[in-house]
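Survey of secondary and tertiary structure
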Amino acid sequence: MFEVLSNETLAPNLHRMVVRAPRIATARRPGQFVIVRADRGEERIPLTIGDADPAEGTITLFVQAIGASTRRIVSTPAGGSLRDVAGPLGQPTHIEQFGRVACVGGGVGTAVLYPLAKALAAAGNEVTSIIGGRSSQYIILADELAALSHELLVTTEDGTRGRKGFVTAALADLMADPERAPRLVLAVGPVPMMRAVAELTRPHGIQTLVSLNPIMIDGTGMCGGCRVVVGGESKFACVDGPEFDGHRVDYASLMDRLTTYREFEDAARCAADECRLGEVANG
Amino acid sequence: MANDLAMKERLAIPRVHMPELDATERSRNFAEVNRGLEMTDAVREAQRCIQCKHRPCVDGCPVGVSIPEVLDALAAEDLPLAARILRGDNALPAVCGRVCPQETQCEAKCVRGVKGDAVAIGYLERFVADWAMANPDRLGQADRPAASDRTVAVVGAGPAGLTAAGELARAGHRVTVFEALHDTGGVLRYGIPEFRLPKEIIDSEVEQLAALGVAIDCNVIIGKTLTLDQLRAEFDAVFIANGAGLPMMLDLKGENLKGVYSANELLTRVNLMEAGRNPAATTPVIAGKSVAVIGGGNTAMDCVRTARRLGAQRAMIVYRRSEAEMPARVEEIKHAKEEGVEFVMLTAPLEIIGNESGWVAALRCRRMELGPPDDSGRRKPVPVEGSEFDLPADVVVNAIGTRANPLLTATAPDLDLNTWGNIVVDDAGATSLPGVFAGGDMVRGGATVILAMGDGKRAAAAINRALAG
Ligand SMILES: Cc1cc2nc3c(=O)[nH]c(=O)nc-3n(C[C@H](O)[C@H](O)[C@H](O)COP(=O)(O)OP(=O)(O)OC[C@H]3O[C@@H](n4cnc5c(N)ncnc54)[C@H](O)[C@@H]3O)c2cc1C
Ligand code: FES
């Protein structure tokens, strides 16, 4: 059992949870993830380790409630516990001094990005963070990223915060400015966003890393369900990734595979909504 | 009652039949197919054993169970004695009685099989083990040796790891089993389906280990959560039994279409995560209407029979050799056929064809014919030119095999591996690192439960010697 020490809502359906997991807190490197199962019968959910405090023996998780099992995770209050937390899994991000680095995050991807930006800044890089979301309420970790970034750029689709539009526009401007152009771009977010970033940097030959989120079960290379096509080859995102060369990823295949269980997810959502309707009716 | 039948009487008894669930009914549910023998039938079957002096069956058993003694006690209806002997020799008899390929091991050597049917040793092993599980109070207390202050770490809670843990705990050592998944059993839990091996059997075996004082630490991935070096620093000895869990890819066009599963993924979803068999489970599984499973081993049979139970109207085995070459247990092949599984033999997959929305639509295949024998001694399949055809399928399962998972070994550069990534050990199970032993599929590649257990037993004996010295 893994005790939940705190659980706060950062954005609609997005929670920050601090969980006691001393061995993982010690072993973890930025870029790695854990597999969490709130309770018996629940799915195994991969979650990026957003931060870790080895002295306290805790890890921080950013959890977006989208399906039944993620909802069970975020509904675990402080003082409660998660049944299974396994990790750290995946390859750590390769951190060195690259010089100027742009960290681009979309939606909840910003949570995955945050530990990488933090590690890159700590390694002496000049980090520009570009984060975007649908509207201001979906912008997360802006203060945390501002504190470690040379510059923080915010975009929203509806213009309610920062620049109106997509993160790619802000990145394009950055690349066009010889004083600010990055040597390395890290992009984490919805697949179309990562693809757009990769297409933007490709003609300029700027190294671009993306963090992929395929469907996983074990997270240890045992099932192959997480396979993604990179440079024409099948890779297991849980052991070879989750980060890959953004210019070599087959995004279309990834996006398609992510829809495998859509019917089940829709059915589960319907069922949950009916439950909630029931609660309202009873309450 | 003593087992003192005359030879003629023994020879006159026909081999017992295993009661089974009706094939049509069972192909729609996950209940165990083999129901187990009744006491009178089991005793009678045990009496078929002629107690021959040279005991060939024992040589056929990879862990050398004292089969004639167990059968003699059973034939005399002394079940506590039969159970004590069996359990002394085999740590997981209720498992082995269900999943061992007896027809190529003990029963293949049985003298009675020369002119007629071998004694049904596997059924009887299961019978005695199930009796023991149901009657723990009648077994008598096993002697617990004095507790030692030595500690042993076991990596992996599959049959090799569990067997070693039991042996080491019985020797008084303090044992901790580290398991990567959230539950124990290894392939017994996530691979072999409920209809062949009910999961409560694994639970019961693991409870017995816990009662012996074995600590089971799930969700710990050695090589990730803790390193082998950390284990070596913290424990007096380490036994590595992390299996061969990495699926081999088909390397066919279309492998990443939706509806293509590795055997491990399909089986893990259904067995470990209970998809499609427990309405309360939240993990989904794609239940195909027409499912093609590529491969001819036990894993392929488990996948195809699982697909049938998930509702497939057509469930097919696609195998490039002929049925005679199939490595699966004969009972699995028989059960699969009874359940309506189609066997598409001498057929090799060429490509997986998708539809416009990215789902599997068909498996493109080519006919094969058997040529001269290859290195394995089996006749090598060669393609028949111009014989391509499409098998309509909405789910394709790759059950061609697994390899060693490098997760642990990648972080232990001093550990000697062979070219396939398996850990190299000596006859006692010792690796190139002092105090580190290994066994099971991690050493052998995909093998069998009983060989894995034999490795666990042998390594535990070597560890006991090392810790005593
Ligand atoms: C579907 C299927 C059906 C089969 N049917 C039969 C049959 O009928 N009869 C038969 O005899 N054999 C059968 N086999 C083969 C048999 O199951 C295996 O040979 C046997 O389970 C191997 O045992 P093991 O203990 O070496 O490994 P496993 O059973 O694979 O157990 C290894 C354990 O280690 C864990 N692990 C892996 N890496 C780590 C790590 N880094 N840290 C911690 N833990 C880790 C795994 O999660 C797993 O629990 C079958 C195999 C499959 C896949
Ligand atoms: S999640 Fe199973 S292999 Fe990656």
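Structural notes, computed from the coordinates. (Residues numbered from 1 in each chain as written. Chains lettered and ligands numbered in written order. Predicted model: local features only at pLDDT ≥ 70, side-chain atom pairs only at ≥ 80, totals over all residues. Heavy atoms only, no water.)

With respect to the interface of chain B and chain A
- Facing 40 residues of chain B, the contacting portion of chain A comprises 42 residues.
- Of the roughly 3,200 Å² buried at the junction of chain B and chain A (both faces included), carbon and sulfur atoms supply 55%.
- The residue D217 of chain B makes a salt bridge to R23 of chain A at a minimum N-O spacing of 3.0 Å.
- One can count 21 residue pairs in polar contact (both at pLDDT 80 or more) joining chain B with chain A.
- Elements that contribute at least two residues to the side of chain B that touches chain A include exactly β5 (246-247), β6 (260-262) and α14 (263-272) of chain B.
- No other element matches α14 of chain B, which puts four residues into the side of chain B that touches chain A.
- In terms of residue class, the side of chain B that touches chain A is built from 21 nonpolar, 13 polar and six charged. (Contact = heavy atoms within 4.5 Å. Buried area = accessible area lost by both parts, 1.4 Å probe. Salt bridge = Lys/Arg side-chain N within 4 Å of Asp/Glu carboxyl O. Polar contact = N/O pair within 3.5 Å; in protein donor to acceptor, adjacent residues only side chain to side chain. Helix = DSSP H or I, 4+ residues; strand = E, 2+ residues; numbered from the N terminus. Nonpolar A, V, L, I, M, F, W, Y, C, P; charged D, E, K, R; others polar.)

A word on the site of ligand 1
Residues and elements named next belong to chain B.
- Among the 33 residues in the neighbourhood of ligand 1, the closest are listed as V99, E179, R196, I222 and D441.
- One nitrogen or oxygen atom from the main chain of A180 is found 3.1 Å from a nitrogen atom belonging to ligand 1.
- V449 places a polar main-chain atom, nitrogen or oxygen, 2.9 Å from an oxygen atom of ligand 1.
- When ligand 1 is considered free in solution it has 1,000 Å² of accessible area, and contact with the protein chains removes 94% of it.
- At the level of secondary structure, the elements contributing two or more residues to the shell around ligand 1 comprise α10 (159-170), α15 (298-309) and α18 (449-468).
- Per element, the largest residue contribution to the shell around ligand 1 is three residues, and it comes from α15.
- Looking at the shell around ligand 1, its residues break down into 18 nonpolar, 10 polar and five charged. (Near = heavy atom within 4 Å. Areas by Shrake-Rupley, 256 points an atom, 1.4 Å probe, with all protein chains shown as cover.)

Focus: helix α9 (residues 121-134) of chain B
- Here α9 of chain B contains 14 residues, and its C-alpha end-to-end distance of 20 Å stays within 8% of the 20 Å for a straight helix at 1.5 Å per residue.
- For α9 of chain B, the complete set of buried residues consists of I121, G122, Y123, L124, E125, R126, F127, V128, A129, W131 and A132 of chain B. (Expected span 1.5 Å × (residues − 1). Buried < 20%, exposed > 50% of the residue type's maximum accessible area, 1.4 Å probe, protein only.)

A short note on the pattern of salt bridges
Residue and element names in this part refer to chain B.
- Taken as a whole and assessed by the stated rule, the structure comprises 47 salt bridges over all chains.
- Among the salt bridges present, the one from R98 reaches E32, with a minimum N-O distance of 2.7 Å. Remark: E32 occurs in the loop between α2 (23-26) and α3 (39-46) and R98 occurs in helix α7 (residues 93-99); sequence separation between them is 66 residues. When sorted by exposure, R98 lands in the same class as E32, which is buried.
- Note that D390 is salt-bridged to R364, the shortest N-O span being 2.7 Å. A residue pair is termed long-range when its members are at least 10 positions apart, and D390 in strand β13 (residues 389-392) and R364 in strand β11 (residues 360-373) qualify at 26 residues.
- Looking at D390, the relative accessible area reads 38%, which means it is partly exposed.
- In this structure R364 comes out as partly exposed when scored by relative accessible area, which is 31%.
- Via salt bridges that share partners, E20, R26, R196, D302, R305, R309, R329, E331, E332, K334, E338 and E339 belong to a single interconnected network.

Some points on the sheet that holds strand β16 (residues 436-438) of chain B
Residue and element names in this part refer to chain B.
- Strand order in the open sheet formed by five strands is β3-β2-β1-β4-β16, with parallel pairing between adjacent strands. Edge positions in the open sheet fall to β3 (215-217) and β16, since each of these has one partner strand only. Going across the sheet, the axis of each strand differs from the next one's by a mean of 20°, ignoring polarity.
- Where α18 meets the sheet, it contacts β1 (151-155), β4 (237-240) and β16, and its direction lies at approximately 170° from that of β4. (Pairing = 2+ DSSP bridges. Axes fitted to C-alpha atoms, helices over the stretch in contact; angles between N-to-C directions.)

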